[in-house]
Amino acid sequence: MTEREPIGVIGAGYVGLVTAAGFAELGSEAWCVDVDAEKISRLRAGESPLYEPGLQELLEKHSERMHFSTALADALEHTRLLFVAVGTPPTHSGDADLSSVYEVVESLPAGDSAADRAIVMKSTVPCGTGESIKRAFKESGRERLAYVSCPEFLKEGSAVADFLHPDRVVIGDDRDAAGEAVLELYRPLLAREHGGSASGALVRTDIASAEMIKLASNAFLATKISFINEIANVCEETGADVVEVARGMGLDERIGPKFLHAGLGYGGSCFTKDVSALKLLAGNSGYHFQLLAAVIEVNELQKRRVVARLQRHLGTLAGKRVALLGLAFKPNTDDMRGASSLVLAARLQAEGAHVRAYDPVAQEQARALMPTLEYVSSALEALAGADAAVLVTEWPELLALDWREVAATMSGNLLVDGRNALDRAALEAAGLLYEGIGRGAPPRAGDAHARAEQQGERARDSVSVRAAGAGA
Ligand code: UGA
């Protein structure tokens, strides 16, 4: 293997760690820095601080190439390219908080020691941040530092696979050596026309456009989800089945089948944060982004609609036992940020329901955020004596429950499939009352076929985790 550029990575969260491990897999030495000393000591001991399929394996495989430290100086000593992957959480105003980004900028070397160095922005930042940082470089004698925007599109739960098999790699730069160096790092993941042997497309563009590509992509995906959720709500009024509708829509190549799964709304730290950040970014420059205001509102309401549905069946929820199956914002992650379960559980408790919850992986993270729920160690335990249950996160383990056993252990029979992921016929055969989201039509002979197709589609939404393990 030819000598690969070593990289520094600031911030050992999902994006930072996967970037470091991914480039280590491609042959680079990676110097990873984080202010969290506990996280760094776990990483030094070879342990991933995150639940992310394939990551632990890469950390073990590349323990020689991956270095962890709390001192930026360690990364600066060994690398020229510093990938910045620190958090940009929303401030009280909803704008992105760039203080961690600027802390990194301010600790970079000035004068001649800045020569040949670059920061490569992986954190999601408002459009215009690159310009501001370059201005800050100039004002602080760091004008020899280069700036590259290289947004990340990985999804939690399939982050390693997404990194190693990207649809596209976006590099925003000033057509300088730093941009070339980043391109060189990504070359093995790119398609033949860009000198690679994989399938990733390359978008080499200016910095502001690269920043906007990231924000617009997340906002568009969130819009797609809110759109299908609104269609689902209309389906409930009209007797149509949103799964059928999404299937019929998705076969149009211009629409595509992905991100058309109706449910309890999108969660996670990214969509919630980035949609609101883009809306405010537009507002700050005098433009009212009406569409995104609706996307956000639809998503908020979508998490709450289930409460009314439970009330329709059970009457008052005071004193009723409701089981929540799954708590994480999506399967294959222990991340609870922005999870629909947070809103749903709080609303159920406010109505006086007793909420018993189970998640195969995110239980401890959930307990820290929602200490007043009752947590149990299996789905069946959560369902024991329940008047109703809601599938919140479509973990494979929950989809494979024995529905006869479920029906026998519950007091009531209502099961709300908050992700349209369950086998309606199997639940009904077991004597359960199935309610999906937007599944207005009664079950028909073709139902099993539509569901099987949709489940296949969900699986294809994330590249197979096994592919991640195999690496590049
Ligand atoms: C999202 C984007 O998909 C990534 O491309 C991006 O890099 C990432 O944000 C980021 O900015 O860091 P992620 O938040 O990990 O990734 O999760 P997604 O798989 O996009 O799911 C987000 C939420 O939407 C989940 O709660 C999921 O259940 C929900 N969802 C997704 C739906 O309700 N319906 C769908 O059809 C798809």
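Residues numbered from 1 in each chain as written. Predicted model: local features only at pLDDT ≥ 70, side-chain atom pairs only at ≥ 80, totals over all residues. Heavy atoms only, no water.

Colleague: Could you clarify how one ought to interpret the pairing of strand 5 (residues 118–121) in this entry?
Modeller: Here strand 5 shows two buried faces, one formed by Ala118 and Val120 and the other by Ile119 and Met121. In the sheet, strand 4 (residues 81–84) pairs with strand 5 via 4 bridges, with the strands oriented parallel. The partner of leucine 82 across the bridge, within strand 5, is isoleucine 119. Between strand 4 and its parallel partner strand 5, the chain crosses via helix 5 (residues 99–106), and the hand of that crossover is right-handed. Note that strand 5 and strand 6 (residues 146–149) share 4 bridges and pair parallel. Opposite valine 120, over in strand 6, you have valine 148 as the bridge partner. This β-α-β element, strand 5 to helix 6 (residues 129–139) to strand 6, shows right-handed connectivity. (Buried < 20%, exposed > 50% of the residue type's maximum accessible area, 1.4 Å probe, protein only. Helix = DSSP H or I, 4+ residues; strand = E, 2+ residues; numbered from the N terminus. Pairing = 2+ DSSP bridges. Right-handed = clockwise from strand over helix to strand, strands pointing away.)

Colleague: Sorry, what's going on with the site of the ligand here?
Modeller: Phe153, Leu154, Glu156, Lys214 and Asn218 are the nearest of the 20 residues found near the ligand. Note that an oxygen atom of the ligand is positioned 2.7 Å from one of the side-chain N or O atoms of asparagine 218. Interatomic distance of 2.9 Å between a backbone N/O atom of histidine 261 and an oxygen atom of the ligand. For the ligand, whose free accessible area comes to 710 Å², the fraction covered by protein is 92%. Elements supplying a minimum of two residues to the shell around the ligand: helix 9 (207–238) and helix 11 (269–284). Ranked by the residues each element gives to the shell around the ligand, the list is headed by helix 9, at 4 residues. In terms of residue class, the shell around the ligand is built from 10 nonpolar, 3 polar and 7 charged. (Near = heavy atom within 4 Å. Polar contact = N/O pair within 3.5 Å; in protein donor to acceptor, adjacent residues only side chain to side chain. Areas by Shrake-Rupley, 256 points an atom, 1.4 Å probe, with all protein chains shown as cover. Nonpolar A, V, L, I, M, F, W, Y, C, P; charged D, E, K, R; others polar.)

Colleague: Any chance you could explain the packing of aromatic side chains here in plain terms?
Modeller: How two aromatic rings sit relative to each other is set out by the distance from centre to centre and by the angle between their planes. Inspection of the entire model under this criterion finds 7 aromatic pairs. Summarising the aromatic geometry, the rings of phenylalanine 23 and tyrosine 186 are spaced 5.0 Å apart at their centres and angled 70 degrees between planes, so their arrangement reads as edge-to-face. Taken together, the residues phenylalanine 23 in helix 1 (residues 14–25) and tyrosine 186 in helix 8 (residues 177–186) connect sequence positions 163 residues apart. Across this residue pair, the class does not change: phenylalanine 23 and tyrosine 186 are buried. Geometry around phenylalanine 153 places arginine 168 over its ring, the cationic atom sitting 3.6 Å from the centre. (Phe/Tyr/Trp six-rings, centres within 6.5 Å; stacked < 30°, edge-to-face > 60°. Lys NZ or Arg CZ within 6 Å of the ring centre and 35° of its normal.)

Colleague: Can you help me understand helix 11 in this one?
Modeller: Quick reminder: α-helices carry 3.6 residues per turn. Residues three or four places apart thus point the same way. A rise of 1.5 Å per residue sets the reference length of helix 11, with its 16 residues, at 22 Å; its end C-alpha atoms lie 22 Å apart and thus fit the reference within 8%. Among all positions in helix 11, only Ser269, Phe271, Lys273, Asp274, Val275, Ser276, Ala277, Leu278, Leu281 and Ala282 are buried. The secondary structure elements touched by the buried residues of helix 11 are helix 9 and helix 12 (290–314). Glycine 286 sits one or two positions beyond helix 11 and adopts a positive phi of about 90 degrees. (Expected span 1.5 Å × (residues − 1). Contact = heavy atoms within 4.5 Å.)

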